[in-house]
Amino acid sequence: MAGSISKEEQDRRRENWRQANASVRIEKGMISPEFLALQERHITGEISDEELDAELLRIHPKGGW
């Protein structure tokens, strides 16, 4: 499990996810509540980048998220 991260890193991650989600929505894509919850866990440092990747593959085994 990931360790704690700084407020600055949380802010950076939140902004990165905000931009990514905006891009998906511009293209008329949908973001599931499960995916949004996973993003929040990543933002707060509850899960690491590697754990995020593993969870994404679990949710969407063929990619396409």
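These notes cover the structure that comes with them. Since this is a predicted model, take the numbers as computed values, not measurements. (Residues numbered from 1 in each chain as written. Predicted model: local features only at pLDDT ≥ 70, side-chain atom pairs only at ≥ 80, totals over all residues. Heavy atoms only, no water.)

Let's talk about helix 3 (residues 49-59)
Taken residue by residue, helix 3 has L52, L56 and I59 as its buried positions. For helix 3, the angular spread of buried residues about the axis comes to 65°, placing them on one side. Facing away from the buried side of helix 3 by more than 90 degrees, the exposed set consists of E50 and R58. Close packing links the buried residues of helix 3 with helix 1 (7-26) and helix 2 (33-43). (Buried < 20%, exposed > 50% of the residue type's maximum accessible area, 1.4 Å probe, protein only. Helix = DSSP H or I, 4+ residues; strand = E, 2+ residues; numbered from the N terminus. Arc of directions from axis to C-beta. Contact = heavy atoms within 4.5 Å.)

A closer look at the pattern of salt bridges
Two side chains of opposite charge can pair, provided their charged atoms sit close to one another. Taken as a whole and assessed by the stated rule, the structure comprises nine salt bridges. One salt bridge connects E9 with R12, and the closest N-O pair in it is separated by 2.5 Å. Separated by three residues within a single helix, E9 and R12 lie in helix 1, roughly one turn from each other. Two residues, D49 and R13, come together in a salt bridge whose shortest N-O distance is 4.0 Å. Pair noted here: D49 is in helix 3 and R13 is in helix 1, with a separation of 36 residues, a long-range link. Through salt bridges with shared partners, a single network forms among E9, R12, R13 and D49. (Salt bridge = Lys/Arg side-chain N within 4 Å of Asp/Glu carboxyl O.)

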